[in-house]
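# Coordinate analysis (summary)
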Amino acid sequence: MLEIKNLRASLEEEGKEILKGLNLTVEAGKVHAIMGPNGSGKSTLSYVLSGRDGYEVTEGAAELDGQDILEMEPEERAAAGLFLAFQYPVEIPGVGNMTFLRTAVNAQRKARGEAEMDAATFLKVVREKAKELKIDAEMLKRPVNMGFSGGEKKRNEILQMAMLEPKLCILDETDSGLDVDAMKLVADGVNAMRSPDRAFLVITHYQRLLDHIVPDVVHILANGRIIKTGGPELALEVEKNGYADLIEEAA
Ligand SMILES: Nc1ncnc2c1ncn2[C@@H]1O[C@H](COP(=O)(O)OP(=O)(O)OP(=O)(O)O)[C@@H](O)[C@H]1O
Ligand SMILES: [Mg+2]
């Protein structure tokens, strides 16, 4: 589903290279976790894949189901099925949460040549999914993320994901800031969406989340590269021993 080859990317302004020849393959139906030290390039990878401004890809390729996504606009990538739940969700004053969701869902449907979701169906579906995530009706009416608590913002990202039904879901530290019960809700939401034609890239610092969202594969990203790939046991090893040995081993 996702095939990244020798990806190099720099910050446009500073020219500083962050991703330094990163290789990663994520198969359909799988959950891949990415762990790695602060500042190693995990969020940068998610931004470069989703098309955020400010990064220059200097080498390599990234394909989603055989389509070169690096050449596409962010909204084209989204319509192709890529979704990013932000590490730091942004507040959008003046744009109602519900309006935002409905506009996004229908823009993607339109881009794919599908019929728009009518207002009644949308309302029914959004209410259902919001309820599962314990997001109350009042939060759906407020502007996107405005005045939401840290944990509420993270759950709102998962609501967006549930509504958009992407092919490739990237979750950038969605667990950070969530209380134990909210983390369970988010994990349940993710697990309910696992399917043979969907894949997840779950960025996290903690094994704790991976107890609930059991990954098929775990990667360690350090200094802009994947330095080790293994099974769920790799996350346990990191929890116990940290990254120093793994980084030394890879050097
Ligand atoms: N706009 C920017 N200006 C300067 N440095 C930047 C900018 N964006 C990213 N960086 C640097 O790029 C490096 C990688 O950052 P990134 O956010 O990808 O790390 P990360 O692996 O997600 O870390 P964390 O686990 O703390 O979220 C860091 O050293 C960061 O300071
Ligand atoms: Mg990050």
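Attention in this report is confined to the structure presented alongside it. Predicted model, so just to flag it, every value in this text is computed and none were measured.

### Points about the packing of aromatic side chains
Enumeration over the complete set of coordinates arrives at one aromatic pair. Over the ring of Tyr 47 we find Arg 52, and its NZ or CZ is 4.3 Å from the ring centre. Above the face of the Tyr 206 ring, Arg 208 is positioned so that its terminal group lies 5.0 Å from the ring centre.

### Brief notes about the environment of Ala 28
Its location among the elements puts Ala 28 in the loop between β2 (17-26) and β3 (31-35). Along the backbone, Ala 28 and Leu 159 are 131 residues apart, and their C-alpha atoms lie at a distance of 22 Å. Discounting chain neighbours no more than four positions away, the residues touching Ala 28 are Met 1, Pro 196, Arg 198 and Ala 199.

### Thoughts on the site of ligand 1
Taken together, 15 residues lie near ligand 1, and Gly 39, Lys 42, Ser 43, Thr 44 and His 205 sit nearest. The side chain of Lys 42 places a nitrogen or oxygen atom 2.7 Å from an oxygen atom of ligand 1. A distance of 3.0 Å separates an oxygen atom of ligand 1 from a polar side-chain atom of Gln 87. Counting residues per element, the shell around ligand 1 draws most heavily on helix α1 (residues 42-50), which supplies three residues.

### Structural notes on the sheet that holds strand β10 (residues 199-203)
Spatial strand order, β6-β9-β10-β3-β11-β12: six strands in an open sheet with mixed pairing. Looking at strand neighbours, the two that pair on one side only are β6 (82-85) and β12 (225-230), the edges of this open sheet. The average angle at which neighbouring strand axes cross in this sheet is 20°, direction not considered. As paired strands, β3 and β10 are joined by four bridges and run parallel to one another. Paired with Ala 33 across the strands is Val 202, a residue of β10. Across the sheet, helix α6 (residues 150-164) touches β6, β9 (168-172) and β10, and the angle it forms with β6 is around 170°.

Cut-offs and rules
Residues numbered from 1 in each chain as written. Chains lettered and ligands numbered in written order. Predicted model: local features only at pLDDT ≥ 70, side-chain atom pairs only at ≥ 80, totals over all residues. Heavy atoms only, no water. Phe/Tyr/Trp six-rings, centres within 6.5 Å; stacked < 30°, edge-to-face > 60°. Lys NZ or Arg CZ within 6 Å of the ring centre and 35° of its normal. Helix = DSSP H or I, 4+ residues; strand = E, 2+ residues; numbered from the N terminus. Contact = heavy atoms within 4.5 Å. Near = heavy atom within 4 Å. Polar contact = N/O pair within 3.5 Å; in protein donor to acceptor, adjacent residues only side chain to side chain. Pairing = 2+ DSSP bridges. Axes fitted to C-alpha atoms, helices over the stretch in contact; angles between N-to-C directions.

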